[in-house]
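# A closer look at the structure
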Amino acid sequence: MKKGLEIRLYPSKEQRVLIDRTLGCSRFVYNHILALKKELWEDYKFNFNPNLKSFKEEWKFLTKVPSQALANSYMDCLQAYNNFFNSLKKNSKQKAKYPKFHKKGQKDSFRIACTYSKKGIGDIRIEDYQHIKVPKLGNVKFKNYKDVDWTKVHIYNITIKKTPTNKYFASICCELSEKEYIEPKFYSCGFDLGLKDFCIFDSGQVIENPKYFRTSQIKLAKEQIKLSHCTEGSQNYKKQKLKVALVHEKIKSQRKDFQHKWSRKIVNENQVIVSEDLNVRGMLKNHKLAKSIQDASFSSFCNMIEYKSKEMNRTYIRINTFYPSSKLCHCCGYKNTTLTLAKREWICPNCNTLLDRDNNAAINILQEGLKILKCRNTVGSTENDKSFKPVEQEPVIACDSKSHSHAGKINFL
């Protein structure tokens, strides 16, 4: 199983200087190649790939950093440039924008591939669970993933990055052994994502929206006001800019920790997981809700569930974006076309059932997901699908009786 593991690096002063120098040189190569290709295309409509070796002959400081970092930066620029033109010619399904110049302090990173000797020893390897050996840098101290058996891990490459708060991280692309199958507690689980409550399950269980950005907004505004009063480029400006970055980093870490814990619990407890495929880009066009939608970060939460489901041999289904989950009565199937966003509860005129908008949507999402799964089994597309394993089904859809919670309160202590 190919996976990326992120570790926190604690380099020495000399190693920090070399990392910063490599980041600058990689950014220099990327921007210079992009500027050269842009100029040749705009003036002469000529597509030309410059030689990286000529850069090192002209600028000697490029020879003092790892050559693989420069080569990967060179290839990334060419790939981004080709992806844009392939997107224009419709040779690619993905839409790619014109590559932008890299700016210092924004996504500073470089990548080094791992090469193995005849004896099978890689130049990037874990030495003693506290130090990782990287070409040119030597042994760098790190933390995280003490439970991983690094002797059985095959490393492909390493990406070293620097955050705006002057912290260093490394993302290791490696091959891991598959995790053992854990028997789930429940067969299926459907949930609906919202802004008032972050997640509403078909069983009625609700996960409150923590709203980390909203709670830190006043503190962030104060730090940004102080930053605006500083002279740009001065020492006080740099110190205050670091304080602003620390507030943003804390918000990001809180949100990431919250989503990782709940996504792991949902995946561990359920065999079949169903959610709605939200069009987040379209939702952000509503400027009254855009800030709250970005604060909730629905896409990252669903992506976490998706890749964790593959790891744990679970079935994750996303139903169509335009499926009217909130407007359909889950008891009789009546469609309320007059339902507005302001109404949180409504009574079905056909069966006189009082429906909570979000809980009703979660039940309809689960029902639709189980229909899709049943169609797949009928056709036989899941016969060779390792992600589906039969489990005794729980009675999760009921109108008269309350079903038990699929994701109860969790104690993280």
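The following paragraphs examine the structure supplied in this document. (Residues numbered from 1 in each chain as written. Predicted model: local features only at pLDDT ≥ 70, side-chain atom pairs only at ≥ 80, totals over all residues. Heavy atoms only, no water.)

### Notes on the overall build of the protein chain
Helix and strand content of the protein chain: 10 helices and 14 strands. On the principal axes, the C-alpha backbone points of the protein chain span a range of 80 × 55 × 50 Å. Across the protein chain, contacts joining residues at least 24 apart in sequence account for 67% of those joining residues at least 6 apart. About 25,100 Å² of surface is accessible on the protein chain, with carbon and sulfur atoms providing 51% of the total. Where the 75 positive side-chain charges of the protein chain centre and where its 42 negative ones centre are 7 Å apart. (Helix = DSSP H or I, 4+ residues; strand = E, 2+ residues; numbered from the N terminus. Contact = heavy atoms within 4.5 Å. Areas by Shrake-Rupley, 256 points an atom, 1.4 Å probe, with all protein chains shown as cover. Lys, Arg positive; Asp, Glu negative; His and termini not counted. Charge placed at Lys NZ, Arg CZ, Asp CG, Glu CD.)

### Let's talk about the pairing of strand β6 (residues 154–162)
The side chains of a regular strand alternate, first on one face of the sheet and then on the other. Note that strand β2 (residues 108–113) and β6 share 6 bridges and pair antiparallel. Its bridge partner being in β6, Asp108 is matched across the sheet by Lys162. Where β6 and strand β7 (residues 168–175) come together, 8 bridges link them in antiparallel fashion. The residue bridging Ile158 from the neighbouring strand is Ile172, located in β7. (Pairing = 2+ DSSP bridges.)

### Some points on the packing of aromatic side chains
Summed over all chains, the structure comprises 15 aromatic pairs. Ring centres 5.1 Å apart and planes at 70 degrees place the aromatic pair Trp41 and Phe85 in the edge-to-face group. Taken together, the residues Trp41 in helix α1 (residues 13–44) and Phe85 in helix α3 (residues 67–88) connect sequence positions 44 residues apart. For Trp41, a relative accessible area of 30% translates into the label partly exposed. Between the aromatic rings of Phe198 and Phe298, the centroid separation amounts to 6.1 Å while the plane-to-plane angle is 35 degrees, which identifies the pairing as tilted. A residue pair is termed long-range when its members are at least 10 positions apart, and Phe198 in strand β9 (residues 197–201) and Phe298 in helix α9 (residues 298–311) qualify at 100 residues. Residue classification places Phe198 among the buried positions, given a relative accessible area of 1%. With relative accessibility at 3%, the residue Phe298 sits in the buried group. (Phe/Tyr/Trp six-rings, centres within 6.5 Å; stacked < 30°, edge-to-face > 60°. Buried < 20%, exposed > 50% of the residue type's maximum accessible area, 1.4 Å probe, protein only.)

### So, the pairing of strand β1 (residues 2–10)
Judged from the 8 bridges that link them, β1 and β7 form a sheet pairing that is antiparallel. Bridge assignment links Arg8 to a residue of β7, and that residue is Phe169. Sheet analysis places β1 next to strand β5 (residues 138–143), joined by 3 bridges and oriented antiparallel. Across the sheet, residue Leu9 finds its bridge partner in β5, namely Phe142.

### Examining the packing of α1 against α3
Packing of α1 against α3 leaves a shortest axis separation of 9 Å and a crossing angle of 35 degrees. Relative to α3, the crossing made by α1 is right-handed. Contact residues: Thr22, Cys25, Ser26, Val29, Tyr30, Ile33, Leu34, Lys37 and Trp41 in α1; Ala69, Leu70, Ser73, Tyr74, Asp76, Cys77, Leu78, Ala80, Tyr81 and Phe85 in α3. The class makeup of the residues in the contact of α1 with α3 is 14 nonpolar, 3 polar and 2 charged. (Axes fitted to C-alpha atoms, helices over the stretch in contact; angles between N-to-C directions. Left-handed = near helix turned anticlockwise from the far one by under 90°. Nonpolar A, V, L, I, M, F, W, Y, C, P; charged D, E, K, R; others polar.)

### Quick notes on the environment of Asp76
Examined against the element boundaries, Asp76 turns out to sit in helix α3. Asp76 sits 46 residues away from Tyr30 along the chain, and the two C-alpha atoms are 7.8 Å apart. Setting aside residues no more than four positions away along its own chain, Asp76 makes contact with Tyr30 and Arg111.

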